[in-house]
Amino acid sequence: MNQGEEQSEKQEELTILVCQESDLHDGQMKAVTVEDQKVLLVRTKGQYSAVGGRCTHYNAPLIMGTLVGDRVRCPIHGACFNVKTGDIEDYPGLDCLPTYKVKVQDGNVYVSVDKKSLKLTKRMKEMCTVKPDVKHTILLVGGGPASLVCAETLRQNCYQGRIIIVTKDSLPPFDKPKLSKAMDVESSSILLRQHDFYEQHGIEMWTGKEVVSVNSADKVVKMSDGTSQRYDQLLISTGCRACPLQCPGSDLKGVHLLQTYADAKEIHASSLGKRVVVIGASFIGMEAASYLSDKAASVVLVGPTKYPFQKSLGPEIGKMTMKMLEEKKVKFVMNNKVTEIRGENGKVKEVVLGDGSVLEADVVVAGIGAIPNSDFLTGSNVAVDSRKAVIVDKFMRTNVPDIFSAGDVVSFPLTIRGDQRVNIGHWQMSHAHGRVAALNMLNKPTTIESVPFFWSALAGKSIRYAGYGEGYTEIIIKGKLEERKFVALYIKDEVVVAAASMAFEPAVSRVADLLDQGKAITKTQAQSEDLSWLGI
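Parameters and conventions
- Residues numbered from 1 in each chain as written.
- Predicted model: local features only at pLDDT ≥ 70, side-chain atom pairs only at ≥ 80, totals over all residues.
- Heavy atoms only, no water.
- Domains from an automatic or database assignment.
- Salt bridge = Lys/Arg side-chain N within 4 Å of Asp/Glu carboxyl O.
- Helix = DSSP H or I, 4+ residues; strand = E, 2+ residues; numbered from the N terminus.
- Buried < 20%, exposed > 50% of the residue type's maximum accessible area, 1.4 Å probe, protein only.
- Polar contact = N/O pair within 3.5 Å; in protein donor to acceptor, adjacent residues only side chain to side chain.
- Contact = heavy atoms within 4.5 Å.
- Arc of directions from axis to C-beta.
- UniProt positions renumbered as here; feature names shortened; annotations may be inferred.
- Core = buried A, V, L, I, M, F, W, Y, C linked by side-chain atoms within 4.5 Å.

Colleague: Is there a simple way to think about the domain arrangement of the chain in this case?
Modeller: Accessible area lost on assembly of the parts is the figure often given for the size of an interface. What the domain assignment lists for the chain is domain 1 (11–115), domain 2 (135–239 + 370–440), domain 3 (253–367) and domain 4 (459–532). The gap between the C-alpha centroids of domain 1 and domain 3 is 44 Å.

Structural data, given as structure tokens:
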């Protein structure tokens, strides 16, 4: 580089003094602002680095998160980024953080930002595109984050064969967790990638097409429209579908399951000013009731237990969430079930409960569980378990060569539970599965090691959860449930196996970090009054 070029480059950069060298110690972070750009300054092993200060998923401030080694974890939804490279290392979200130059001189720390990239808050990893002369096809069945992350990981690792994503959805991959939290969103605002992205990177997106069978011997799948497609490697990431109601009247107009973007829009539109009955007291049912509480004329939620979330989060948190929604005028009919839905002129009129009582209803929304979408694998030799989940190993491989599976449809070995086989329908975990499947398709041996992390939104508050709490025997609560500011630690075999929190950041991210490192959190530690280990 000659002197003129060097000077020109300096003119294109904005350099700001951000702190004294003595201000930060190893393992510490500092939020700094360069112009309007939020920057995260980090010191690890005596070295400074600077990356974008906001998570690329939903823009949460990473300074509120946790730092372990060279990895920062978002306090809101658990995405992880390398603070040296800015690369995303765990999910949710797709993009990396921008990185900035750091200079230490005379005890001062300076950050330099390229003026041209001042407004950039995220960075897409470099990807190759398809080469027509590469005669190799990877077919990804399903339109969720597992397929998308798999496709992107393949292109990021120089795979130049043909990539096809086939989905029965009318939309390309979109932000599905938003459907139960904000039903009236525009489809363009929830797409994970815009339409031109797929064209640019040579990823064929086949929407409105459903795979109905797989011939693993001939490596061919058949579609519902009668067409066929050959593959060299196959990813099954078809997710789950909502459990249908089995009672009489479940086919009446006005009875809804929440599965697709069209379902969400229809539930929103048909509920305005109407009487709504929600069946199911777990995440979909509670989020739907919360969303509709200020839009419908009335919302009644029917659940089979004494409190919502009784099995997953425990009765105390369940009781608190019930009170939150009651304050929003949602009525609860618990320890009950729906035995019949009655209609008039083919449309819902009332809901009959197990105790004989009757609820007036114009709209019924059911959220009573999910079933893995694996029926199309009958005759394919791909092994499924008793719940119809596809069985994979830690490399996301099925029992059939060249067939991988990922996301909500799989049963996989969970590292933090000693490789216990689990089926987890978390948005974050589907992303991670997709990445691992792609790397193993490319013969880059990689195992699934992610710690489960999910969230729920109710009445303007968020619940965060990390770990795997099935079979817990005790819950230790820190903070105050009545103030809706707490962390709950779930105990099994004298150790913490999961945590849930509300307005108690970064406790759940800290638990996720400790579980990720394989460090046991003992019951004694959980009971201690000292919460410094939680980052509080």
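More follows now that the structure is in view.
Colleague: Looking at this model, I keep getting lost on the pattern of salt bridges. Mind explaining?
Modeller: When the charged atoms of two side chains with opposite charge come close together, those side chains can pair. Under the criterion given, the structure shown has 34 salt bridges. Here Asp 26 makes a salt bridge to Arg 43, at a shortest N to O gap of 3.0 Å. Separated by 17 residues along the polypeptide, Asp 26 in the loop between strand S1 (13–20) and strand S2 (28–34) and Arg 43 in strand S3 (residues 37–44) bring together distant segments of the chain. Its salt-bridge partner being Arg 193, residue Glu 152 comes within 2.7 Å of it at the nearest N-O pair. Of the two residues, Glu 152 is situated in helix H2 (residues 145–156) and Arg 193 in the loop between helix H3 (187–190) and helix H4 (195–200); the sequence distance between them amounts to 41 residues. By the burial criterion, Glu 152 is buried, and Arg 193 matches it. Put simply, Arg 71, Glu 89 and Asp 516 are held in one network by salt bridges that share partners.

Colleague: Whenever I open this one, the side chain of Arg 417 confuses me. Can you help?
Modeller: Looking at the element boundaries, Arg 417 is found in the loop between strand S30 (410–414) and strand S31 (420–422). A polar atom in the side chain of Arg 417 sits 2.4 Å from the backbone oxygen of Tyr 468. Excluding residues within four positions of it along the chain, Arg 417 makes contact with Tyr 468, Gly 469, Glu 470, Lys 492 and Val 497.

Colleague: Can you walk me through helix H5 (residues 261–271) in this structure?
Modeller: Helical geometry: 3.6 residues make up each α-helical turn, so side chains three or four residues apart lie on a common side. Tyr 261, Ala 264, Ile 267, His 268 and Ser 271 are the residues of H5 that are buried. Across the axial projection of H5, the buried residues extend over an arc of 130°, all falling on one side. Residues of H5 that are buried in the fold lie against H3, strand S19 (255–257), strand S20 (275–279), helix H6 (283–292) and strand S26 (363–366). Two residues or fewer past H5, Gly 273 is found with a positive phi of approximately 70°.

Colleague: Quick question: what am I supposed to make of the UniProt feature "domain: Rieske" (unreviewed entry) in the chain here?
Modeller: Look at the UniProt record and you will see "domain: Rieske" (unreviewed entry) annotated at residues 16–111. Between the first and last C-alpha atoms of residues 16–111 the distance is 5 Å; the span itself is 0% helix and 51% strand.

Colleague: For this particular structure, what's the right way to read the nonpolar core?
Modeller: The nonpolar side chains of soluble globular proteins are, as a tendency, buried together. Membership of the largest hydrophobic core comes to 70 residues, with the highest contact counts inside it found for Leu 140, Val 214, Leu 234 and Phe 412. Composition of this core by domain shows at least three residues from each of domain 1 (11–115) and domain 2 (135–239 + 370–440). Residues within four places of Leu 234 in sequence aside, it is in contact with Leu 139, Val 141, Val 214, Val 221, Asp 402, Ile 403, Phe 404 and Met 441. Met 183, Phe 283, Val 299 and Tyr 307 belong to the second-largest nonpolar core, a separate cluster that totals 49 residues.

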